[in-house]
Each structure stands twice: as structure tokens, then as C-alpha cells.
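This is what each chain is made of:
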Amino acid sequence: MLPPVRSALTAILGPTNTGKTHLAVERMCAHSSGMIGFPLRLLAREIYDRVVALKGAQNVALITGEERIEPPQARWYCCTVESMPIQKDFAFVAIDEAQLGADPERGHIFTDRILHARGREETMILGSESLRPIIRALLPDAEIISRPRFSTLSYAGAKKLSRLPKRSAIVAFSIEQVYAVAETLRRMRGGAAVVMGALSPRTRNAQVAMFQSGEVDYLVATDAIGMGLNLDVAHVAFVSLSKFDGSRRRRLTVAEMAQIAGRAGRHQRDGSFGTLAGEGSEFTPEEVLAIEGHSFPRLDWLYWREAKPRFNDIATLIADLEKKPHRPGLLPAPKVIDLLVLKRLAEMPDVKALIRHQVDVARLWEVACLPDFRQMGEEHHSRFVASLWQYLGQNERVIPQGVYASELARLDNIQGDVDTLSARISAVRTWTYIAHRNDWLTNPPAMAERARALEEKLSDALHDALRQRFVDKRTSMLLRKNATDVGLLPVEIQADTHVLVDGEDIGTLQGFSFRVDPAAKASDRKLLLAAAERHLAAHLRQKAKDVSMAEDSEFSLAADGEGKPAIFWQGDILGALTKGRTLLQPAFSPVKAVAGLEGDALREITTRAESWIAAQLAKAMGGIIGLLDLAQQADVDGNVRALAVRLADEGGIAGRHYLADAIAALPKEARGAARKGGIVFGALDIYHHAALKPAAAKWRAALFAARDNRAMPELPPESAVHLKAWHFGSASEARNAGYRRIGEEYVRIDLAERVIKKAHEARGQGNLFGMDMTFATSLGISENGLKALMRDAGFRSAEQPPEPQAEVVAETVSEAVEIIAGESVPAPEADVEEVTATDEVVTNAPEAAAPAVVEPQAVTLTHWRWVGLPKPRPPEQRPQRVKPQPQASRTAGKPRPKAEREPLAAKQTAQPSSLALQLAALKGLKL
């Protein structure tokens, strides 16, 4: 049988990273039972998980203010110092971070545990070397053991945030500083984990797991990490060396600096500490020397408060809590939140009215000790406690289950930012604390479970919010990879064009253009573009080869995002058509993404695109190219060649007035050669018969848009011959599309010429005539449109039917009629589409095709009068429109005298031409 273990009181003192906590856990597990009091809930949870792995969950208990896991047969307890069940008997008891007895808020709790918490067989007090004198004074029988630091801690100076080494912890002393640093690290290094004392254990563990696993290389935290949290930290950087302690902003003590800096290094691996450059905080040489040498001022006192006050009445209770200690080395605890709340409650009549005996005073003190998890301050927290006292101080002396449930339901919302979720978790912690008081609720276990589930739910949401706000996984992944192996990462381009590098979505690849994920912040765009350039180079080179080997059917001509003509391959833009040497020789300008390719890839794409453009022009614009060939034939009359060149420059269609001088200079005997070359002489337009085909119209629109650096106009459906609800930007756009404007409508040029031809055939040699307009109406032309077309062609409507004319017009009139009527008929060699009155006519609405027109039984004639076309005049002889000057506003004062009117000059009129005189003679008019 083993001899009984000697009861011992040992103080293990030394700097951080000495393994004191690890030693205490080992000693506790070596005993039949044990309890350790920790300064933080997070640390208690961490050690609890470790002991559970050794002893099993059924044998280990966790007791904190907000969490209570206590199996019936539990023998080993992990607790916060405030929650230690000191009334229980344990073989081993330990108090961690005992130097916190000098903390003005919580110090009296640590002091009480140092003085009174004892294990049946062994007691350990763990803390800083600065505790040695006070431990010697208060516990003279204690054995003091100093433990040296396993690794060296050295000062590394001030470093910029961008120059911090990996595995660094950045310590700030305000939430604003934590967020600002984490945001900067997200942009520069892909993100950081965030650890704050207000986080729930679940959120804190999830954040620490990201850091420990290497998902992120940086940790931003408050000074909570200085309290024994075991992290794999190589360097600690202080954002500031001062903090607000609840009453004033002060500089950290050397012991506090060392406590935090000591987190750097692990076991026998050295660590370093320093500050962030540019933040205005620097260590003094004396502070650096003290931290590196672990030499700190000795603690000669600890804070104390009466642990067992009397509950005779509120005044007696307050007096005991403010009583001064009688032992040397102890100082009265400053007024902490629970005592301040109690004093405020004592001033409230509604609270005092419910106090009748000592039991009520003791219960009121329990309620006043409710921690202010929400950090509302003594005023607001006192009001909240007073509202609870109205339930706990009367009737059934419990909080109604409906009230508790409704408060949890109000907090059950995972929407919101980091601050909102943190506030909700703090509120849930308050109700969790309440649920762990067995006599405050009718069914505490059920309510505690609901509160725990809600805290976990909110904690998961908070972790996701922190990760989303402060961690960019893809940026972190790209930055963590070494430059030597970054090109070896697997690249996947999904069917929806998303680009994945090592499983992380960095953007989309549309053709040869990489677009950063729109969700990425502006600061991350440069990094993602650089990643795409590295990883997509080989893929783009192969894609360029695919373009060079592609069939013609894979290319297309269409408008780009700005409406300008561009060449596409499989729906992806390659480049734009731009102005070339001539209209029919446009240039190909690759888009920026294509132009940025390496030499061979760019040359392959450019060569293939140019060859496709040339082939399409030869196919769609072959007739117009034939005009240029006609202009090169030496055996053709020079005037025909000149006309062919000018018509080709206009894309194969031009108004007759525009080419009037070239037509006038064209001998009659040479017009046959022009017609043989495909030129059609219309009454209003001159065009090549192949220029009206849909493909030619599309390419003509693109060529003019490229020449003028403007957007391509929208073209009507290919089958449309008459347009009602359509708008062209100008007459030249309509002509390039193959249409002539008639009033508010448009009709295809060749069909307009056929209507005019039929009018001349009906007129014969007379000026007044009747005409069957069935053909025109079958095209869908309205009455106003028909009048506009006939007016443009030199006709006016006549109300009376014509009388037989026996006279023969003069020779000049006959010649004009011959030119207008005869030349509107296409030459037999020309391949012009014939449209009859019974053809199906399609308007600008493809789905509403006009039905075939049936020839009526009775023919209704409309009557017209031929007045002739005006003789075209050179631009310099055309009258200039003078813009009317605005009438000057009258000035105040005397009216201006009227100027004498000058006699009107005699109106000068031009002498009528011989053609006009002959037309007047036919009509019986005098000029």
C-alpha cells in the first residue's frame, strides 16, 4: 500500500513560457482529484479539453460564469478563479496567474484563493517571479520554486506591418485597433485570425485553429493572449504600449509588457517582440532590458476584500465589503462593479421594499454580483439587475420561464456584422450565467441548454463574419506559396468560365480577358491579376493556337460593348475593326487582353483574324470589289472608271444627286459597260446590284463605323422590305442599310425604284396620268409614304384624270424622261431580285409577316402629274441658310426712335431654264 502523499504548498514562479501551467495539469492528473483556477474562461476551456483527452469527459468538469459542465462522478475540475467550488474537497488545488492579485478589479478574488484555497494533498500557486516577496510574507511555509524560461526572448525593434515575419501576433488594446490591423493584414497578407476576450470559446477556438493550422500566418489579439493561451507564436508586435484601464489611459507596466511579449517562442524555440513602426510607441532601453532579463518590480501587496461579509442588512454588507485588511501586504480592493451596483440598488425604493430579512440581503448580493458581460457601465447594469430583482426578490423568487425564453428569442438572430454579433453573444452570456444559478429559474438545465445552443449558433455566425471580413482565403493561399512553385499549382477553368487556382476562385476568363471576381476588394485586384498572369500563360498560348486553326464558321462580326464593329471567335472578342487605308481595307486592332500575349501567340491570332476579314469581304462585298477591278481596266471608258471608283468609295450605294456630275459626264454609249459591271442607274439612287444583299449591308455598316470610329447602327431584319417602326440615325445610315426614307417610313431602294419605274411606264409621254398602285400598297407603303416617294421622284398627285395629249413634248423633255424612266430599269445582266404584286412582303416585324396580296377585281387608279426632278447644283451654288438673329431685349428708359424704312429693292429672279419653259408650255403656264 502506497504511503499517503504529504500535504504541500508550493509556489511555482517564473516568466512566461516556463511550462508552469503544463506542470500543474500533470500534477493534478497524478492525483485522485484536483482543481485548477484559471484567469480566463478561454484558458479554462483549453485545459478542460486537454484533460478530457486524458481522463475522459465523464470524469472532468468545467465551471465558469457562463458555462457549467459537471458530470456526477467528475473528479478533476477546470474553473475560472471566480467560479472555483472551494467548499469541495480536492486532493490537488492550483491557482494560475496568481500575480493578478494586484489587479484592481479582480485582484481580491485571486488573493482570497491564494490565502484559502487548499488541496488535501498538494497546493500550487503559479505566477510571476514578482510574487516572491508577497508569497514569502503571506505564506511563510510555502516552498518557492523558480522555473527558468525554456527559450530566449529578444527585442526585434519596430517593424512595419508589411515586414512582420510569419507566425506573428499583433497585440492591440482596443476593438478599433484590432479591426484596423486585421483589415490591413487582409489586404496585404491574405488575412488574420482575431482573438479577443469577449469571444465565446467556440469562436475563439475556431479563430485560433486557423492560425495554428497555417491557414493564416498572423493573429491580431487583445492582451487576453498574455494570460496563458498556448499559441505557436514566433513574434509579438505591440500596436501600442498604453491602454485604458477603466478609469484612465496609462502606459503598460513592465510586468504586463513581459506577460504579453512572453507569448513569443514555444518550449525551446526562441521568440522576439517589438512594436509596429509608425504607431508612435517604442520600448525604452530599460524596459527592453527588464523584459529580456525577466527582471520585474517586486509585488509587496495584493488587493483584498472580505470574502465572508455579514448579511444583517445592506448597510452592514457594504461596510464589510469596504472593510480594510488587518494583515500587512494587503490593500483594500478598489470599488469594483459589483459593489458599485449594490450601492445603487440600495438607493432604489423598489429594491429596498423587497428586503425583509437577512436571506433577502444575501440574495440581493448574489444578484448584484452578476457580471457586466455587455460592458454597459454601472448605471445601465444597475437598472438591468434591478429589473431581475423584481422577479428574484418576491413571489416565487425566480425569473419566469416565459421572460427568459422571450429574451433568448430576441437574441436569436445571426444577421449583422461583427460588432452586432459580438453584442448578442455578450447578452447571451448574461442569460447563460443566470441559467447556471440553480435557484434563479424553475428549470435551469433546460434553459442553460437553450442558452448554450444559441451561443454556439451565434459563435459560428461570428466566426464566419470574422473570417469573411478579415480573411481572404484565396489571397492567403497565393501569398503563402513560394515563388518557385507558384506556377505548379493546379489551374482549372470551369464550364462557367470561373478560374480556380489550387481550388480557389480568382475570377473568370472570358475569351482572352481575365476578370477579377467582382466580390474581391479593390486592393486585392492587383494580386489576383498577377496570379492570373502567372497561372494562365500556358492556357492562353494554347488558346491562341486554337484560334489559328479554327474554321471560318467559328468567327463572327458583331458589335462590342461600345457598339463598335469587332471580330469574335466562339463568342469571345478578339479585336476591333478600325480605319484602314481604304473603306474596303480596314485594320484589325486586337483587344488589350490579346495584345498583351507573347509574340507568337499574338501573331497567330492577328494573322488568322486578318485572313478571315479578307475572305468575308471578298464574299460579302465581292460586287463592290468588282467596281475597283472595273476601274483598273484600261479598255473601259475613263468616265465609267471614275464612276466605279466613286461608287466603291460609297460602299456600292450612292444618291443620284451625289454622282450627278459623274453621270452627266458619262457618254450614253459607255453606260452599257457600266451596267455590265453591275451598276444600276435608278431615278433616285445609283447602286451595285449586289450591294443590297444582307451580308453586304452588314459589312458596309461595319466598314463605315470603323472608318468613322463610331458605333455600328442596328440593322433591320434581313427579310424586311418596308419599315414603319424604325429609326435610322441619318439618311446615309439608311442608304448603307439599303433603304430610302419616304416620309416617316423606309422602303428598300430597289423596290422604291420599281415603283418609280411603274409610274414612268404609266405616264408614257404625257404629264398627267393615272396609275394602278397595287404594287406599292402590296409592299405595305402607306398613302403618305407613297406621296413622299412620288414627290422625291418628281411627281405630284392630281385630282382630275388626264386628258388625251396630242402634242409631242420637246426634245429636251423627251431626253429627261428617257434618262429617268429608262435608266431605272435594271440591265438584263444585273442580278436584281424581282418582286411582284403577289410576293409575300415582310415588314420590320419578322413575326408579323404581311399576307400575300390578292389582285383586286376592280382596278382603282390614282392620278399624278409629272413636274420633273430639280437639276442638281454644286454645293457652292446651293443657298445658305441664315440663322435668324434673336431680337434684342428692350432696355429700360426712353423708347428708341423708329428708323425710317428704306424702299424695298426690286426682287431679282433668275431666268428660267429651257426645260422649265417647255414644261410650262405643256401645262399652259406663263413664266
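Residues numbered from 1 in each chain as written. Predicted model: local features only at pLDDT ≥ 70, side-chain atom pairs only at ≥ 80, totals over all residues. Heavy atoms only, no water.

## Describing the overall build of the protein chain
For the record, the criterion: Numbering of helices and strands starts at the N terminus; helices are DSSP runs of H or I of at least 4 residues and strands are runs of E of at least 2. The rule is simple: take the accessible area with a 1.4 Å probe, protein chains only, and divide by the maximum for that residue type; under 20% is buried, over 50% is exposed, in between is partly exposed. A contact between two residues is defined here by any heavy atoms of the two lying within 4.5 Å. Surface exposure here means Shrake-Rupley accessible area, sampled with a 1.4 Å probe, where a residue is shielded only by the protein chains that are shown.
Of regular secondary structure, the protein chain possesses 32 helices and 36 strands. With 927 residues in all, the protein chain has 49% of them scored as buried. Restricting the contact set of the protein chain to residue pairs at least 6 apart, pairs at least 24 apart contribute 69%. Accessible area of the protein chain: about 46200 Å², with a carbon and sulfur share of 52%.

## Examining the sheet that holds strand β33 (residues 768-772)
Applied cut-off: When DSSP locates at least two bridges between a pair of strands, those strands are taken to pair. A fitted line through C-alpha atoms serves as each axis, taken over the contacting stretch for helices, and the angle formed by two N-to-C directions is quoted from 0 to 180°.
Strand order across the open sheet formed by three strands is β33-β36-β34, with antiparallel pairing between neighbours. Lying at the two open borders of the sheet, with one neighbouring strand each, are β33 and β34 (795-797). Strand after strand, the sheet turns through a mean of 45 degrees between neighbouring axes, direction not considered. Where β33 meets strand β36 (residues 861-866), five bridges bridge the pair, whose relative direction is antiparallel. Directly across from L768, in β36, lies its bridge partner R865. Of the strands in this sheet, β33, β34 and β36 touch helix α28 (residues 749-763), which is tilted by about 130 degrees from β33.

## A look at helix α9 (residues 314-321)
Rule in force here: Any pair of N or O atoms that falls within 3.5 Å is considered a polar contact. Within protein, one atom must be able to donate a hydrogen and the other to accept it, and sequence-neighbouring residues count only if both atoms are side-chain atoms.
For α9, a buried count of six out of eight residues is recorded, marking the element as mostly surrounded by other parts of the structure. Taken together, the buried positions of α9 are I314, T316, L317, I318, D320 and L321. For α9, the N-terminal cap is D313; the gap from its side-chain oxygen to the backbone nitrogen of A315 is 3.2 Å.

## Remarks on the side chain of E67
Position of E67 among the secondary structure elements: in the loop between β3 (60-63) and β4 (68-69). On the basis of relative accessible area, E67 is assigned to the buried category, the value being 12%. Once residues lying within four places of it in the same chain are set aside, the contact partners of E67 are R41, R45, L62, P201 and H436.

## Structural notes on the state of the cysteines
Linking two cysteines covalently through their sulfur atoms gives a disulfide. We apply this condition: Working definition: a disulfide is two cysteine sulfur atoms within 2.5 Å of each other.
Counting across every chain of the model gives zero disulfides. Of all cysteine sulfurs, the one in C78 lies closest to C29, which takes part in no disulfide; the gap is 8.1 Å.

## A closer look at the nonpolar core
This is how it is decided: Among the buried residues, those of types Ala, Val, Leu, Ile, Met, Phe, Trp, Tyr and Cys that are joined through side-chain atoms within 4.5 Å form a nonpolar core.
I170, L342, Y404, W431 and I434 are the most contacted members of the largest nonpolar core, which totals 68 residues. Broken down by element, the residue count for this core peaks at 10 residues, all from helix α16 (residues 444-470). Ignoring anything within four residues of it in the chain, the contact list for L342 reads L317, I318, L321, L364, W365 and A368. Counting residues in hydrophobic clusters, the runner-up holds 63 residues, among them A550, L574, L597 and A644.

## What to know about the packing of aromatic side chains
Short version of the rule: The pairing test for Phe, Tyr and Trp rings, Trp by its six-membered ring, is centres within 6.5 Å, and the orientation test on the planes gives stacked under 30 degrees, edge-to-face over 60, and tilted for anything in between.
Considering all chains together, one arrives at 16 aromatic pairs under this definition. Ring centres 5.4 Å apart and planes at 50 degrees place the aromatic pair Y155 and F273 in the tilted group. Note that Y155 is positioned in strand β9 (residues 153-159) and F273 in strand β16 (residues 271-276), a separation of 118 residues in sequence. Among the residues examined, Y155 registers a relative accessible area of 28% and is labelled partly exposed. Judged by its relative accessible area of 0%, F273 falls in the buried class. Taken together, a centroid distance of 5.4 Å and an interplanar angle of 90 degrees make the contact between Y404 and W431 edge-to-face. Within this pair, whereas Y404 is found in helix α14 (residues 401-411), its partner W431 is found in helix α15 (residues 418-435), the two being separated by 27 residues in sequence. Both residues of the pair, Y404 and W431, belong to the buried class.

## Points about unusual backbone geometry
In this structure, Q375 takes a positive phi of about 55 degrees despite not being glycine. Mapped onto the fold, Q375 is located in the loop between α12 (358-368) and α13 (378-392). Given the relative accessible area of 67%, Q375 is considered exposed.

## Digging into the sheet that holds strand β13 (residues 235-238)
Strand order in this open sheet of six strands is β9-β16-β13-β10-β12-β11, and the pairing throughout is parallel. Each having just a single partner strand, β9 and β11 (193-195) make up the two edges of the open sheet. Between one strand axis and the next, the sheet turns through 25 degrees on average, direction left out of account. As paired strands, strand β10 (residues 168-171) and β13 are joined by four bridges and run parallel to one another. When the bridges of β13 are listed, S168 appears paired with H235. Most of the contacts of helix α5 (residues 175-189) go to strand β12 (residues 218-221), to which it runs at about 165 degrees, and overall it touches β10, β11 and β12.

## Things to note about α28
Test applied: Any helix carries an expected span of 1.5 Å times its number of residues minus one.
Taking 1.5 Å of rise per residue, 15 residues should cover 21 Å, and α28 covers 21 Å from first to last C-alpha, within 8% of that figure. In terms of burial, α28 is largely enclosed, as 11 of its 15 residues are buried. Of the positions making up α28, those classed as buried are I749, D750, L751, A752, E753, R754, V755, I756, A759, H760 and R763. Within two residues after α28, G764 carries a phi angle of roughly 65 degrees, on the positive side.

## Here we look at the side chain of S382
Turning to its location among the elements, S382 is positioned in helix α13. On the basis of relative accessibility, which here comes to 1%, the residue S382 falls in the buried class. Among all residues touching S382, those that are not within four sequence positions of it are V341, R344, L345 and M348.

## Examining the environment of L139
Take L139: it is sitting in the loop between α4 (132-138) and β8 (143-146). By relative accessible area, L139 is classed as buried at 8%. Separated by 24 residues in sequence, L139 and L115 have C-alpha atoms that sit 7.9 Å apart.

## Side note on the packing of helix α19 (residues 537-548) against helix α21 (residues 599-620)
Our working definition: Each angle is binned into one of four classes, with values under 35 degrees roughly parallel, values over 145 roughly antiparallel, values of 65 to 115 roughly perpendicular, and all other values oblique. Helix crossings are classified by the rotation of the near helix relative to the far one: an anticlockwise turn of less than a right angle makes the crossing left-handed, while a clockwise turn makes it right-handed. As a working rule, the residues Ala, Val, Leu, Ile, Met, Phe, Trp, Tyr, Cys and Pro are called nonpolar, Asp, Glu, Lys and Arg charged, and the rest polar, with Gly in that last group.
At a minimum axis separation of 8 Å, α19 and α21 run at an interaxial angle of 25 degrees. Viewed along their axes, α19 and α21 adopt a mutual orientation that is roughly parallel. Considering the relative orientation of α19 and α21, their crossing is left-handed. Each of A544, K545, V547 and S548 in α19 lies in contact with α21, whose residues at this interface are A601, E604, I605 and R608. In terms of residue class, the contact of α19 with α21 is made up of four nonpolar, one polar and three charged.

## Topic: the pattern of salt bridges
Convention followed: Salt bridges are defined as contacts in which a side-chain nitrogen from Lys or Arg sits within 4 Å of a carboxyl oxygen from Asp or Glu.
Summed over all chains, the structure comprises 50 salt bridges. Put simply, R41 and E455 hold a salt bridge, and the shortest N to O gap is 2.9 Å. Placement of R41 in helix α2 (residues 41-55) and of E455 in helix α16 is noted, with a sequence separation of 414 residues between them. The burial state of R41 is the same as that of E455; both residues are buried.

## Overview of the pairing of strand β26 (residues 585-590)
Two elements, strand β25 (residues 572-582) and β26, share five bridges in a ladder whose sense is antiparallel. Counterpart to T578 in the pairing with β26 is A587. Remark: two residues form the turn of the hairpin made by β25 and β26, two consecutive strands paired antiparallel.

## What to know about the packing of helix α22 (residues 622-631) against helix α23 (residues 638-649)
A pair of packed helices can be characterised by two numbers: the angle between their axes and the separation between those axes. For the pair α22 and α23, the least separation of the axes is 8 Å and the interaxial angle reads 150 degrees. By the angle between their axes, α22 is roughly antiparallel relative to α23. Of the two possible hands of crossing, α22 and α23 adopt the one that is left-handed. The residues of α23 that touch α22, namely those facing I624, L627, L628, L630 and A631, are V640, R641, A644, V645, L647 and A648.

## Here we look at the confidence of the model for the protein chain
Note the cut-off: pLDDT measures the predictor's confidence residue by residue and takes values from 0 up to 100.
Counting all residues, the mean pLDDT for the protein chain is 81, and 80% of those residues have values of 70 or more. Counting contacts from residues 1-5, a segment whose pLDDT is below 50, to residues more than four positions away or on other chains yields two contacts.

## Describing the pairing of strand β6 (residues 92-95)
The following threshold applies: Here the term right-handed applies to a crossover when the path leading from its first strand over the helix to its second strand runs clockwise, the strands being oriented away from the viewer.
Burial along β6 is two-sided: the face carrying F92 and A94 and the face carrying V93 and I95 are both buried. Strand direction decides the pairing type here: β6 and strand β7 (residues 122-127), joined by four bridges, are parallel. Note that in β7 the partner of A94 across the bridge is M124. Once you follow β6 into helix α3 (residues 107-116) and on to β7, the crossover reads as right-handed.

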